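Survey of secondary and tertiary structure
Residue-level listing of the chains:
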Amino acid sequence: MMRTLPPKPEPPNNDDCCLSGCEFCVWDLYDDDMREYQKQAAVIRDAFEALHKPVPACIRPESLRDAVDPTMRAFLDMEREMAMRIQHEADKHSDNSEDDT
């Protein structure tokens, strides 16, 4: 049985983001949706390949790239990296606090 791929996520408009580093930025949500979409497409693509059938153009890797402007992508990557560093520091601080007890 073949799966059905849901519609490709639409990127938010640039006006939808306030660029203030919100914890749940519209671009982060889009990125999460796009990653899930790409995973589902990969499962379907693998099924086509396993059956030795031609892979539809809409699920080939070059068709699955997101539609995010490169400048916005760089901003999002920087925001994600900064959030990971902050979380890592908080975890390290939490671990040190537990050692003191």
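Further up the page is the structure itself.
Note that the structure is a prediction, hence the values are computed from the model and not measured.

Rules used in this analysis
- Residues numbered from 1 in each chain as written.
- Predicted model: local features only at pLDDT ≥ 70, side-chain atom pairs only at ≥ 80, totals over all residues.
- Heavy atoms only, no water.
- Helix = DSSP H or I, 4+ residues; strand = E, 2+ residues; numbered from the N terminus.
- Rg over C-alpha atoms; globule rule 2.2 N^0.38 Å.
- Buried < 20%, exposed > 50% of the residue type's maximum accessible area, 1.4 Å probe, protein only.
- Contact = heavy atoms within 4.5 Å.
- Areas by Shrake-Rupley, 256 points an atom, 1.4 Å probe, with all protein chains shown as cover.
- Lys, Arg positive; Asp, Glu negative; His and termini not counted.
- Charge placed at Lys NZ, Arg CZ, Asp CG, Glu CD.
- Salt bridge = Lys/Arg side-chain N within 4 Å of Asp/Glu carboxyl O.
- Core = buried A, V, L, I, M, F, W, Y, C linked by side-chain atoms within 4.5 Å.

1. Looking at the overall build of the protein
Along its length, the protein carries two helices and zero strands. Against the 2.2 N^0.38 benchmark of 13 Å for 101 residues, the protein shows a C-alpha radius of gyration of 19 Å, more extended than a compact globule. Considered along the principal axes of its C-alpha atoms, the protein spans approximately 60 × 35 × 20 Å. Burial analysis of the protein (101 residues in total) assigns 23% to the buried set. Restricting the contact set of the protein to residue pairs at least 6 apart, pairs at least 24 apart contribute 59%. Of the roughly 7800 Å² of accessible surface on the protein, 54% is carried by carbon and sulfur atoms. Charge-centre separation for the protein: the mean point of 12 positive side chains lies 11 Å from the mean point of 23 negative side chains.

2. Looking at the environment of Pro12
Take Pro12: it is sitting in the segment before α1 (26–50). Separated by 14 residues in the primary sequence, Pro12 and Val26 have C-alpha atoms spaced 6.7 Å apart.

3. Thoughts on the pattern of salt bridges
Counted by the stated rule, this structure contains three salt bridges. Residue Arg35 pairs with Asp31 through a salt bridge whose shortest N-O separation is 3.1 Å. Separated by four residues within a single helix, Arg35 and Asp31 lie in helix α1, roughly one turn from each other. Assessed through its relative accessible area of 5%, Asp31 is described here as buried.

4. Quick notes on the nonpolar core
Across soluble globular proteins, you tend to see nonpolar side chains buried next to one another. Trp27, Phe48 and Ile59 are the most contacted members of the largest nonpolar core, which totals 14 residues. Counting only elements with at least two residues in this core, the list comes to α1 and α2 (70–99).

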